[in-house]
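Each chain, written out:
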Amino acid sequence: MYLNYIFDLYGTLVDIRTDESGDKFWGKIADIYESYGATYTARQLQSAYKKYTQLESRTLQHKYPKCKHIEINLENVFYKLYTQKGVEPTKEIIEDTAIKFRKTSMLFLKLYDGVIDLLDSLKASGKKIYLLSNAQRCFTYPELVELGIVDYFDGILISSDCGCKKPDTAFFDILIERYNLDRSKSVMIGNDCITDMQGAKGAGLDSLYIHQQISTPLKGHTLECTYKVMDGDVTKIKKHLIKA
């Protein structure tokens, strides 16, 4: 019987589509920077954003050479995009920029059908629920609040806080050690055959794979999991795991 249920977020509990491409998007982001005194054209901003994300990645890889899968904190990039134009942004400006960046890129965001019932059932059964997400806290935490699910989690670990991400075993280990989880009584639920399933196997966890439209294509990959739901039906997670 499992006591601890570790969920991926996007593509597992939450259906999402974003688009950060094109001059129209970057023009809107340039307007946000302009409103705080940092002037860019759309293409200048897109180029600078790419430059600083790559620089952050190199710096973090140098800092954590043993991590194969690093995760930068985009707030550092948003900050540098201001300072390069002579603007010293406050924490509030960075938070506002991050939220507006995300909202501008968002095509839609919604819970999959059956998610609330699944989480309610786990809570009613006395289970512990954890989130292990490859994501940016400045985007994800407000979305957890907006979707009304933040309070379901007994622990939340977001990769931008840790400098590493799934499938790196180190990311799983941080969660397991921080919340003193018994691996034999814990299960990882996710929609990605690499980050979630291979990551769970490397961390010594059982796993459930759910295939969604935004899942990494399975062709060319070996799917290694304890359970699987291939039609994206979240209600089947409950049937597999609550009595497992």
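Colleague: Residues and numbers for the sheet that holds strand β7 (residues 206-210), please.
Modeller: Here 6 strands make up an open sheet; going across it, the order is β5-β4-β1-β6-β7-β8 and the pairing parallel. If you trace the sheet from one side to the other, it starts and ends with β5 (155-158) and β8 (227-229), each paired once. With direction set aside, neighbouring strand axes in the sheet form an average angle of 20°. Bridge analysis of strand β1 (residues 4-7) against strand β6 (residues 186-190) gives 4 bridges, and the strand direction is parallel. Along β6, the bridge assignment pairs F7 with I189. Relative to the sheet, helix α5 (residues 115-124) contacts β1 and β4 (128-133), its axis offset from that of β1 by approximately 155°. With respect to the sheet, helix α9 (residues 193-202) is in contact with β6 and β7, its orientation differing from that of β7 by roughly 160°.

Colleague: I'd like a rundown of the side chain of Q212, residues and numbers included.
Modeller: Structurally, Q212 can be placed in the loop between β7 and β8. Here Q212 falls in the buried class, since its relative accessible area comes to 9%. Side-chain polar atoms of Q212 contact the backbone oxygen of G232, separated by 3.2 Å. Excluding its chain neighbours within four sequence positions, the residues that come into contact with Q212 are G11, Y112, N191, G232 and V234.

Colleague: How would you sum up the environment of L118? Please name residues and give values.
Modeller: Counting through the fold element by element, L118 comes out in helix α5. Assessed through its relative accessible area of 2%, L118 is described here as buried. For the pair L118 and I174, spaced 56 residues apart in the sequence, the C-alpha separation amounts to 25 Å. In this view, L118 contacts F7, V234, I237 and K238; residues no more than four positions away in its chain are not counted.

Colleague: Requested: an account of the pattern of salt bridges, with residues and values cited.
Modeller: Counting across every chain of the model gives 15 salt bridges. Between D154 and K123 there is a salt bridge whose closest N-O contact spans 2.9 Å. In this pair, D154 sits in the loop between α6 (137-147) and β5 while K123 sits in helix α5, placing the two residues 31 residues apart along the sequence. Accessibility expressed as a relative area gives 31% for D154, which makes it partly exposed. In this structure, the salt-bridge partner of R137 is D161, at a minimum N-O distance of 2.5 Å. Separated by 24 residues along the polypeptide, R137 in helix α6 and D161 in helix α7 (residues 159-162) bring together distant segments of the chain. With a relative accessible area of 30%, R137 lands in the partly exposed category. Owing to a relative accessible area of 43%, D161 belongs among the partly exposed residues under this scheme. Through salt bridges with shared partners, a single ionic network connects D8, K166 and D196.

Colleague: Which residues make up the layout of surface pockets, and what values go with them?
Modeller: If you add up the space inside the largest pocket, you get close to 300 Å³. Forming the boundary of the largest pocket are 14 residues, of which R102, N134, A135, Q136 and F139 lie nearest the centre. Secondary structure elements with two or more residues in the lining of the largest pocket: β2 (14-18) and α6. Among the residues making up the lining of the largest pocket, the classes are represented as 6 nonpolar, 4 polar and 4 charged.

Criteria and thresholds
- Residues numbered from 1 in each chain as written.
- Predicted model: local features only at pLDDT ≥ 70, side-chain atom pairs only at ≥ 80, totals over all residues.
- Heavy atoms only, no water.
- Pairing = 2+ DSSP bridges.
- Helix = DSSP H or I, 4+ residues; strand = E, 2+ residues; numbered from the N terminus.
- Axes fitted to C-alpha atoms, helices over the stretch in contact; angles between N-to-C directions.
- Contact = heavy atoms within 4.5 Å.
- Buried < 20%, exposed > 50% of the residue type's maximum accessible area, 1.4 Å probe, protein only.
- Polar contact = N/O pair within 3.5 Å; in protein donor to acceptor, adjacent residues only side chain to side chain.
- Salt bridge = Lys/Arg side-chain N within 4 Å of Asp/Glu carboxyl O.
- 1 Å grid on protein atoms, 1.4 Å probe; cavity = no way out; pocket = protein on both sides within 12 Å on 5 of 7 lines; lining within 4 Å.
- Points joined across faces, edges and corners; volume = space filled by probe spheres on them.
- Nonpolar A, V, L, I, M, F, W, Y, C, P; charged D, E, K, R; others polar.

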